[in-house]
There are 2 protein chains.
Amino acid sequence: MLIFTEEEIREYVKINKESIDEIEAAFTDLKTKDVQMPPIMRVDIPEYNGEVDIKSAFIPGYEMFALKVSSGFFNNYQLGLPSTGGLMFLINALNGQPEALLYDNGYLTDVRTAAAGAVAAKYMANEQIETVGVIGAGAQARYQLIALKEVREYKHVLVAGKSKRRLQEFKEEMESTLKVSVTILETPQEVAEQSDLVITATPSSEPILQNSWVKNGLHITAMGADAQHKNEIDPNILKRANYYVADVMSQCEILGELRSALEKGVVTKDHPVMELGDITSRAEKIRTSKDDITIVDLTGTGAQDTRIALYAYKKLTEEK
Amino acid sequence: MLIFTEEEIREYVKINKESIDEIEAAFTDLKTKDVQMPPIMRVDIPEYNGEVDIKSAFIPGYEMFALKVSSGFFNNYQLGLPSTGGLMFLINALNGQPEALLYDNGYLTDVRTAAAGAVAAKYMANEQIETVGVIGAGAQARYQLIALKEVREYKHVLVAGKSKRRLQEFKEEMESTLKVSVTILETPQEVAEQSDLVITATPSSEPILQNSWVKNGLHITAMGADAQHKNEIDPNILKRANYYVADVMSQCEILGELRSALEKGVVTKDHPVMELGDITSRAEKIRTSKDDITIVDLTGTGAQDTRIALYAYKKLTEEK
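All chains use their own residue numbering, which begins from 1 and follows the written sequence. Note on labels: chains are lettered from A, ligands numbered from 1, in written order. Where local features are concerned, this predicted model is filtered to residues with pLDDT of at least 70; where side-chain atom pairs are given and counted, the filter is 80 or more; whole-chain, interface and lining totals use all residues. Excluded from the side-chain calculations are hydrogens and water; all other atoms, namely the structure's heavy atoms, are used.

- As named in an unreviewed UniProt entry, chain A is Cyclodeaminase, taken from Candidatus Pseudogracilibacillus intestinigallinarum.

Here's what the structure looks like:
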């Protein structure tokens, strides 16, 4: 079994057109192949405010598939540790033997999650995006912006978040990395009202984006909600949006923004839902007007994990 | 992250009283603690007749818990590979970091499965066991006999199976290891009719132990069925038995012998079922007569995996 470290993986796998294309293909796979993707497995550790999730998917035609272990331990900041972590295995699909351990501490998850946001924006957002709003100033807020730059030439970023120190770090990093201006605002409302595209990247369990702040034409990347208790988006936005797109319907209705909207009775089970793979498999943009409001709900799929792990393996074994 | 090889693990972890006691404690944990044990996750690889199962359980009071990946690839014999494999992770329950990789190729699963058979026999079988019958001559048939020797002083083994060569190897190995006589018989019927305790250790999907062969007083260790399509035991035996004991009811009714009996309508949902933890937590023998027929249905639990992984870690870090 080969073992790759986070440092090696970070060197060979970047957020760029190539990795985003891999993730686009993962969503298409879900529509065009008999992908074996079981429901997410979750182990709760209530004593320590932690959880471990396991995701996997076998995509026919590939000789390996990934099994991903990811953790969220929300008291870790008290220990001076990052709250999320993880690793991936590549398992030989012909004989079951483990082939590689990608000990990435969650980096590949960050890449494939950001890439999904970019894939959605590519097909769903308006062509002209001047200003991108971000709610949250953590790692995924950064990665989403980096990925988005591959599909939209935005110039300004508006950001709101809880910690002044983290917002300042975010501003400095993103201005330097992306050559855009970053403005720190006081409230999510100000961010939303002045943006053409909004990314929500928080672990919130109460809506942090309200319907009254959403102007016509907005595209929303809702990437925070991936658990039964999480909710970032006012459910009325789902009802109002011209297009609500789930990464995978069966996950969004139990873990994503769709769950909250269903639970609160704002939308019903027959609410029109597209999946991201419906769009990528046709490679067609979906909006019919510049004023359409669109939203993508990202819970994270095993198919993305398998595709990014296969991509990392290829880069690490062929180019290294 | 520490990495231990199969060779090291085999050197420090044996089937003996100590490891059997650990597994007994795992079943007691399931009754006395708020164990977090999610349903088994399964990835199917239909193209290659393979499956990968993931099991896990967090047991309160321990600072680590196991996540086990086990594979069954049933064409592997054509490749000259063993059909089963696997490994375990120990994850820190306080912060989610992986602490150790036990790259055991399924050895610890063999140990904890055999130990469960011994724990059940200890409380369920008659005290005097002269002759043990085994149907199947694979690895688990061997391990079950070794574990059973720790709780019952049997003298003779009768065995039936499909391959003459494998039966001969089994006989030679077991006679040398256990100092018992091993007799190869032509049919499972002959084995069952002459035994005081029968172990079924096959991947059969049709009953290989019939009700008419079962004499009064028999204890049956049904360890083969751990999947929706597997079935070793005539469902009428479950109905007739004085005690049917599941390792975990919620697993046996979808994966074990109980599943087949329910599906065929031989028993109903209100059939009296005990769990192994009901017995171990009281540490009381259950039979009221030498003539009672008893059966334990073993599908394999995440709690066993966590207990055996913690035990292996302790042995490997403290004694090595």
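**Focus on the overall build of chain A**
Part 1 of the reasoning: Regarding its fold elements, chain A presents eleven helices and 14 strands.
Part 2 of the reasoning: Here the globule rule is a power law, 2.2 Å times the number of residues to the power 0.38, and the radius of gyration is based on C-alpha atoms. Its C-alpha atoms give chain A a radius of gyration of 19 Å, near enough to 20 Å, the size a compact globule of 320 residues would have.
Part 3 of the reasoning: For the C-alpha atoms alone, the extent of chain A along its principal axes is close to 55 × 45 × 40 Å.
Part 4 of the reasoning: The buried share of chain A, taken over its 320 residues, is 60%.
Part 5 of the reasoning: What sets the accessible areas is the Shrake-Rupley method with a 1.4 Å probe; for residues, cover comes only from the shown protein chains. On chain A, roughly 12,700 Å² of surface is accessible, and the fraction owed to carbon and sulfur atoms is 48%. Each helix is a run of H or I in the DSSP string that is no shorter than four residues. Each strand is a run of E no shorter than two, and both are numbered from the N terminus. Three labels apply to residues, based on accessible area from a 1.4 Å probe with only protein chains included: buried if under 20% of the type maximum, exposed if over 50%, partly exposed otherwise in between.

**Some points on the pairing of strand E10 (residues 197-200) of chain B**
All names here are of chain B.
Part 1 of the reasoning: Burial of the side chains of E10 extends over both faces: Leu197 and Ile199 are buried on one face and Val198 and Thr200 on the other.
Part 2 of the reasoning: Only when DSSP finds a minimum of two bridges between them are two strands counted as paired. Direction of pairing for strand E7 (residues 131-135) relative to E10: parallel, over a ladder of four bridges. Bridged to glycine 133 within E10 is valine 198.
Part 3 of the reasoning: Strand direction decides the pairing type here: E10 and strand E11 (residues 219-222), joined by four bridges, are parallel. Looking at E11, one finds that isoleucine 199 is bridged to threonine 221.

**Side note on the side chain of threonine 131 of chain B**
Part 1 of the reasoning: Its location among the elements puts threonine 131 of chain B in strand E7.
Part 2 of the reasoning: Residues count as neighbours in contact if any of their non-hydrogen atoms are within 4.5 Å of one another. Residues contacting threonine 131 of chain B, with those up to four places away along its chain left out, are His156, Leu158, Gln194, Ser195, Asp196 and Leu197 of chain B.

**With respect to the nonpolar core**
Side chains of a nonpolar character, in soluble globular proteins, are inclined to be buried together.
Part 1 of the reasoning: What is meant by a nonpolar core is a set of buried Ala, Val, Leu, Ile, Met, Phe, Trp, Tyr and Cys residues, joined one to another through side-chain atoms within 4.5 Å. In this structure, Leu145 and Phe170 of chain A are the most contacted members of the largest nonpolar core, which totals 64 residues.
Part 2 of the reasoning: Per element, the largest residue contribution to this core is twelve residues, and it comes from helix H3 (residues 107-124) of chain A.
Part 3 of the reasoning: Counting residues in hydrophobic clusters, the runner-up holds 63 residues, among them Ala116, Ala147, Leu148 and Val182 of chain B.

**Description of the relation of the copies chain B and chain A**
Part 1 of the reasoning: When chain B is fitted to chain A, the best match, at an RMSD of 0.0 Å, comes from turning it 180° and sliding it 0.0 Å along the axis. Taken together, the rotation angle and the small translation identify this as a two-fold axis. Scanning chain B for the C-alpha nearest the rotation axis identifies methionine 41 of chain B, at a separation of 3.1 Å.
Part 2 of the reasoning: Of the residues that chain B buries at the interface, 100% are likewise interface residues in chain A, meaning the two copies contact each other through the same surface. Here the copies were fitted onto each other by least squares, based on C-alpha atoms from residues at pLDDT of at least 70 in both.

**A look at the sheet that holds strand E14 (residues 294-297) of chain A**
All names here are of chain A.
Part 1 of the reasoning: The parallel open sheet is built from eight strands, whose spatial order is E9-E8-E7-E10-E11-E14-E12-E13. In the strand order of this sheet, the two ends are held by strand E9 (181-184) and strand E13 (274-275), each with one partner.
Part 2 of the reasoning: The pairing of strand E8 (residues 156-160) with E9 spans four bridges and is classified as parallel. Counterpart to leucine 158 in the pairing with E9 is threonine 183.
Part 3 of the reasoning: Angles shown run from 0 to 180 degrees and are taken between the N-to-C directions of axes, each axis being a line fitted to C-alpha atoms and, for helices, limited to the stretch in contact. The sheet strands contacting helix H5 (residues 164-178) are strand E7 (131-135), E8 and E9, and the helix crosses E9 at an angle near 170°.

**A closer look at the sheet that holds strand E2 (residues 41-45) of chain B**
Residue and element names in this part refer to chain B.
Part 1 of the reasoning: Overall, mixed pairing links the six strands, which are arranged E1-E6-E5-E4-E3-E2 in an open sheet. At either end of the open sheet lies a strand with only one pairing partner, and these are strand E1 (2-5) and E2. With strand direction ignored, the average angle separating the axes of adjacent strands in the sheet is 15°.
Part 2 of the reasoning: As paired strands, strand E4 (residues 64-73) and strand E5 (residues 84-92) are joined by nine bridges and run antiparallel to one another. Looking across to E5, one finds that valine 69 is bridged to leucine 87.

**Some remarks on unusual backbone geometry**
Part 1 of the reasoning: The backbone of asparagine 105 of chain A sits at a positive phi, close to 50°, despite the residue not being glycine.
Part 2 of the reasoning: Note that asparagine 105 of chain A resides in the loop between strand E6 (98-103) and H3.
Part 3 of the reasoning: Despite not being glycine, alanine 283 of chain B shows a phi value in the positive range, around 50°.
Part 4 of the reasoning: Positionally, alanine 283 of chain B belongs in the loop between helix H10 (276-280) and strand E14 (294-297).

**Details of the environment of lysine 33 of chain B**
Residue and element names in this part refer to chain B.
Part 1 of the reasoning: Locating lysine 33 in the fold gives a position in the loop between helix H2 (17-32) and E2.
Part 2 of the reasoning: The partly exposed category is assigned to lysine 33, whose relative accessible area is 33%.
Part 3 of the reasoning: Along the backbone, lysine 33 and alanine 115 are 82 residues apart, and their C-alpha atoms lie at a distance of 21 Å.
Part 4 of the reasoning: The contact partners of lysine 33, leaving out residues within four places of it in the chain, are Ile59, Pro60, Tyr62 and Arg307.

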